[in-house]
Amino acid sequence: GENVEQHPSTLSVQEGDSAVIKCTYSDSASNYFPWYKQELGKGPQLIIDIRSNVGEKKDQRIAVTLNKTAKHFSLHITETQPEDSAVYFCAASEGSDGNKLVFGAGTILRVKS
Amino acid sequence: EAGVAQSPRYKIIEKRQSVAFWCNPISGHATLYWYQQILGQGPKLLIQFQNNGVVDDSQLPKDRFSAERLKGVDSTLKIQPAKLEDSAVYLCASSLAGGSEQYFGPGTRLTVT
């Protein structure tokens, strides 16, 4: 089955700096890679996703890149703000139908003002 | 548009007792998922429904966990009898169809003492 590894487990940045979170996956058939933000006491919120036919996707201050050959994908947040502080999870679909998501262990992002 | 609704938000029970969680997905979403999120980990899929049929329940501990989705809308997840290791947040998510974006509810935090 699919295995997703996420690094780093914690990340502290100064407000205004960039943050990068990286994930690797094992299933070469995976074709859907979403990123979720989870705040304390809330459910995960989808912030951006990418499918395997695209190498990069951007939405305002966040972007995701995908390298299918190396089986890794990354989340980039630019101009970080205190409200970006949360736990971020990457996920990869198991198999090519995109049904089942396997999540990474999460990254705690702290943005210091 | 209303999001995924879950209740209760919190539940404390003693081991060997039973407990049930309820989920109401986003209107029109055919696919419903139940996840278990243990503290410090990413969500793990327990069961996936497509309308009122089970698509994947390979990681559901069927000796104690059961779930149903009558009429293809609301769903309940039950644990009987509960064990200490069942302490976790139980998340419900829904999507228009399998393989499309999943949207999560706020979760139910279960503590088993």
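In this text the structure is predicted, and so the values were computed from the model without any measurement.

(A) Focus on the interface of chain A and chain B. With 19 residues of chain A in contact, the opposing surface of chain B contributes 23 residues. The junction of chain A with chain B conceals about 1500 Å² of combined surface from both sides, 48% of it contributed by carbon and sulfur atoms. Our count for the contact surface shared by chain A and chain B stands at three residue pairs in polar contact (both at pLDDT 80 or more). Every element with two or more residues in the side of chain A that touches chain B is listed here: β4 (32-38), β5 (45-51) and β10 (101-103) of chain A. For the side of chain A that touches chain B, a count of residues per class yields eight nonpolar, six polar and five charged.

(B) The sheet that holds strand β3 (residues 19-24) of chain B, seen in detail. All names here are of chain B. The antiparallel open sheet is built from four strands, whose spatial order is β1-β3-β8-β7. A single partner strand is all that each edge strand has here, and the edge strands are β1 (5-7) and β7 (65-68). Strand-to-strand, the axes of this sheet are offset by a mean angle of 15°, without reference to chain direction. Sheet analysis places β7 next to strand β8 (residues 75-79), joined by four bridges and oriented antiparallel. Bridge assignment links Ser66 to a residue of β8, and that residue is Lys78.

(C) Molecular detail of the nonpolar core. Ranked by internal contacts, the top residues of the largest apolar core, which has 25 residues, are Trp35(A), Phe73(A), Leu75(A), Tyr88(A) and Leu109(A). Taken together, the elements giving at least two residues each to this core come down to β2 (10-14), β3 (19-25), β4, β5, β7 (62-67), β8 (72-77), β9 (86-93) and β11 (107-112) of chain A. Each residue touching Phe73(A), except ones within four places of it in the same chain, is listed here: Ile21(A), Lys22(A), Cys23(A), Tyr25(A), Phe33(A), Trp35(A), Thr65(A), Leu66(A), Cys90(A) and Ala91(A). Judged by nonpolar contacts, the second largest core, of 21 residues, contains Leu32(B), Ile47(B), Phe65(B) and Ala88(B).

(D) Seen up close, the state of the cysteines. According to the stated counting rule, one finds two disulfides over all chains in the structure shown. With its sulfur 2.0 Å from that of its partner, Cys23(A) forms a disulfide with Cys90(A). What sets the handedness of the Cys23(A) and Cys90(A) disulfide is the S-S torsion sign, and at about -100° it is left-handed. Placement of Cys23(A) in strand β3 and of Cys90(A) in strand β9 is noted, with a sequence separation of 67 residues between them. With respect to class, Cys23(A) is no different from Cys90(A); both count as buried. In this model, Cys23(B) is linked to Cys92(B) through a disulfide, with the two sulfur atoms separated by 1.9 Å. Its S-S torsion of about -70° marks the bond between Cys23(B) and Cys92(B) as left-handed, since a negative value means left-handed. One end of the pair, Cys23(B), is in strand β3; the other, Cys92(B), is in strand β9 (residues 88-95), and 69 residues separate them in sequence.

Analysis parameters
- Residues numbered from 1 in each chain as written.
- Chains lettered and ligands numbered in written order.
- Predicted model: local features only at pLDDT ≥ 70, side-chain atom pairs only at ≥ 80, totals over all residues.
- Heavy atoms only, no water.
- Contact = heavy atoms within 4.5 Å.
- Buried area = accessible area lost by both parts, 1.4 Å probe.
- Polar contact = N/O pair within 3.5 Å; in protein donor to acceptor, adjacent residues only side chain to side chain.
- Helix = DSSP H or I, 4+ residues; strand = E, 2+ residues; numbered from the N terminus.
- Nonpolar A, V, L, I, M, F, W, Y, C, P; charged D, E, K, R; others polar.
- Pairing = 2+ DSSP bridges.
- Axes fitted to C-alpha atoms, helices over the stretch in contact; angles between N-to-C directions.
- Core = buried A, V, L, I, M, F, W, Y, C linked by side-chain atoms within 4.5 Å.
- Buried < 20%, exposed > 50% of the residue type's maximum accessible area, 1.4 Å probe, protein only.
- Disulfide = S-S within 2.5 Å.

Read these as geometric descriptors, not functional statements.
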